[in-house]
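Here's the letter readout for the chains.
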Amino acid sequence: MASPKFMTALGPGLLFAGAAVGTSHLVQSTRAGAVFGLGLLAVVVLANVIKYPAFRFGAHYAAATGRSLVAGYRDLGWFPPLLLGAILILADGFAVAALSLVTAGIVKVVFGLEVSILTAVALVMAAAGAFLIIGGYHWLERLNKLFMAVLTVSTLIATVLVLPKVDWSFYPASAPPIDMKAMLFVAALAGWMPTAMESSIFASLWTVEKAKDMGTKPSLEGVLADFNIGYWGTAILAICFLLLGAGIMHSGAVEPADTAPAFAAQIMALYRDTLGAWAVPVIGIAALSVMFTTCLTAFDGLVRAFVAVVGSLRAQPQPDQSRYEKKAYAATLLGFLVAAFLLLYFFLGGFKGFVDFVTSLAFLTAPVLAFFNHRVMMGSSVPDGDRPAPYLMHWSRAGIALMLLFAAGYLFLVFT
């Protein structure tokens, strides 16, 4: 039976899961299975394993100190928060557009809307913006728990049913050769697996916000238990989506579509072919719910992080800090949504290429942010009794080294 401390801390880790189970899972993992069968399963597993300490440090630092990673970055000097702000504007600005595009594609399929994809994107953005400004963290956490439960149960059932159709070869003969094109996709897959490294900052901000929402500081044990459930749960779901892609699309020689609505239709077909036609409406709503939740959590984390970065760089806090943060949150959210919509309006091309750009960029920035997270956890603001175990710090160093090695290899492939 779960302890009271754990039950009160439950939330930020599931928000992390909600932010992760979106483009990286529904799109990239499914595409990996559809094109390569089980050929890239090791990439999915390795990416989740080597990045774990860097992501965990977000929740860990916030629980141990009551501060977000942004504050920890500021302790390291001006450069870390400035670089983080630049990443949030560039990488996550594109991410807002990519997530809205995928969600809009599912909206069109589930509701059969005969509107342009940009109109559907505008609807998604308007709904997400209104929910976040009106409902705030309190309703975001509760909605996320419900939708994650629905998708998790349905995906696990569908995966079990599709297992007999999977080609269990380590690298199927029907998969494409490991060439430049394949390596670029591997980078895109690993870049957002389980999600972009900026989500570690989001996790720290949600942990701080959870404490405010509860009116008390949650225990470090409860926060880490909540985070582990969310993190390793997303890793399992990533494998499930890869298996679904391998069992249905790869075995049936179905090529992943290059537009958001068409790919959303293929996702619905995965569940129809495993659970039956009766499940399509239910799964359609579940997939839409989770993608919408991914939009909400990603947008919320991005805006909170950007407002925190700006606040950390100010010489003096505002007289009414709470009111300032609420107004800054709403203005920043609207600014990012408008910018993302204009990005899609002027540069909307191939759906696959758009998503690959965002995820590949995350692949390159991950080792830098992981290094900052490691440095922050070693800082004097973390009480000695709350520091990570030595094996986690060694794990973190090894992960950073591997991410740097892979990023260097990716740049070598691109520019040679």
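Scroll up a little and you will see the structure.
Residues numbered from 1 in each chain as written. Predicted model: local features only at pLDDT ≥ 70, side-chain atom pairs only at ≥ 80, totals over all residues. Heavy atoms only, no water.

**A short note on the overall build of the chain**
Looking only at helices and strands, one finds 15 helices and zero strands in the chain. Expected size for 416 residues packed as a compact globule is a radius of gyration near 22 Å; at 20 Å, the chain falls within 12% of this value. Along the first, second and third principal axes, the C-alpha atoms of the chain reach 60 × 50 × 45 Å. Out of the 416 residues belonging to the chain, those deemed buried represent 57%. Excluding contacts between residues fewer than 6 apart, the proportion of contacts in the chain whose partners are at least 24 apart in sequence is 89%. Accessible surface computed for the chain: about 16600 Å², of which carbon and sulfur atoms make up 71%. Side-chain charges of the chain comprise 24 positive and 20 negative groups, with the mean position of each set lying 5 Å from the other. (Helix = DSSP H or I, 4+ residues; strand = E, 2+ residues; numbered from the N terminus. Rg over C-alpha atoms; globule rule 2.2 N^0.38 Å. Buried < 20%, exposed > 50% of the residue type's maximum accessible area, 1.4 Å probe, protein only. Contact = heavy atoms within 4.5 Å. Areas by Shrake-Rupley, 256 points an atom, 1.4 Å probe, with all protein chains shown as cover. Lys, Arg positive; Asp, Glu negative; His and termini not counted. Charge placed at Lys NZ, Arg CZ, Asp CG, Glu CD.)

**A word on empty space enclosed by the protein**
If a probe the size of a water molecule is rolled over the atoms, the empty space left behind becomes visible. As enumerated under the stated definition, the model contains three cavities of 30 Å³ or more in all. Lining the largest cavity are 19 residues; nearest its centre among them are A95, L99, W192, T195 and A298. Those elements giving two or more residues to the lining of the largest cavity turn out to be helix 2 (12-20), helix 3 (23-36), helix 6 (79-111), helix 9 (199-214) and helix 12 (279-313). Sort the elements by how many residues they give to the lining of the largest cavity and helix 6 lands first, with four residues. Classifying every residue of the lining of the largest cavity by side-chain character gives eleven nonpolar, six polar and two charged. (1 Å grid on protein atoms, 1.4 Å probe; cavity = no way out; pocket = protein on both sides within 12 Å on 5 of 7 lines; lining within 4 Å. Points joined across faces, edges and corners; volume = space filled by probe spheres on them. Nonpolar A, V, L, I, M, F, W, Y, C, P; charged D, E, K, R; others polar.)

**Brief notes about the packing of aromatic side chains**
Applying the stated criterion across every chain yields a total of 17 aromatic pairs. Seen in terms of ring centroids, Y52 and Y231 are 5.3 Å apart; in terms of plane orientation they differ by 70°. Their pairing is edge-to-face. Residue Y52 is located in helix 4 (residues 41-65), and its partner Y231 is located in helix 10 (residues 220-250); the two are separated by 179 residues in the primary sequence. Of the aromatic side chains, those joined through ring pairs into one cluster are F16, Y52, F55, F227, Y231, W232 and W395. Between the NZ or CZ atom of R74 and the centre of the ring of W78, over which it lies, the distance is 4.0 Å. (Phe/Tyr/Trp six-rings, centres within 6.5 Å; stacked < 30°, edge-to-face > 60°. Lys NZ or Arg CZ within 6 Å of the ring centre and 35° of its normal.)

**Here we look at the pattern of salt bridges**
Summed over all chains, the structure comprises six salt bridges. With a shortest N-O distance of 2.9 Å, E141 and K210 are connected by a salt bridge. Of the two residues, E141 is situated in helix 7 (residues 117-162) and K210 in helix 9; the sequence distance between them amounts to 69 residues. Using a relative accessible area of 1% as the deciding quantity, one classes E141 as buried. E209 is the partner of R304 in a salt bridge, and the nearest nitrogen-oxygen pair spans 3.4 Å. (Salt bridge = Lys/Arg side-chain N within 4 Å of Asp/Glu carboxyl O.)

**What to know about the nonpolar core**
The nonpolar side chains of a soluble globular protein tend to be buried with one another. Ranked by size, the top nonpolar core spans 106 residues in total, and within it Y73, L84, L88, M197, I201, Y271 and F299 carry the most contacts. Ignoring any residue separated from it by four or fewer positions in sequence, one finds F299 in contact with V96, S100, A128, L132, L333 and L337. (Core = buried A, V, L, I, M, F, W, Y, C linked by side-chain atoms within 4.5 Å.)

**Focus: the packing of helix 4 against helix 8 (residues 180-191)**
Here helix 4 crosses helix 8 at 45°, and the two axes come no closer than 9 Å. When the interaxial angle is binned, helix 4 and helix 8 end up oblique. Once helix 4 is placed against helix 8, the crossing between them reads as right-handed. Every residue of helix 8 that contacts helix 4 at V43, V44, A47 and K51 is listed here: V186, L189, A190 and G191. Of the residues contributing to the contact of helix 4 with helix 8, the split by class is six nonpolar, one polar and one charged. (Axes fitted to C-alpha atoms, helices over the stretch in contact; angles between N-to-C directions. Parallel < 35°, antiparallel > 145°, perpendicular 65-115°, else oblique. Left-handed = near helix turned anticlockwise from the far one by under 90°.)

**Regarding the packing of helix 4 against helix 15 (residues 390-415)**
It is at 9 Å that the axes of helix 4 and helix 15 come closest, and there the two elements cross at 120°. Comparing their axes, helix 15 and helix 4 come out oblique. In terms of crossing hand, the pair formed by helix 4 and helix 15 is left-handed. Of the residues in helix 15, those in contact with L46, V49, I50, K51, Y52, P53, R56 and F57 of helix 4 are L392, M393, W395, S396, G399, L402, M403 and F406.

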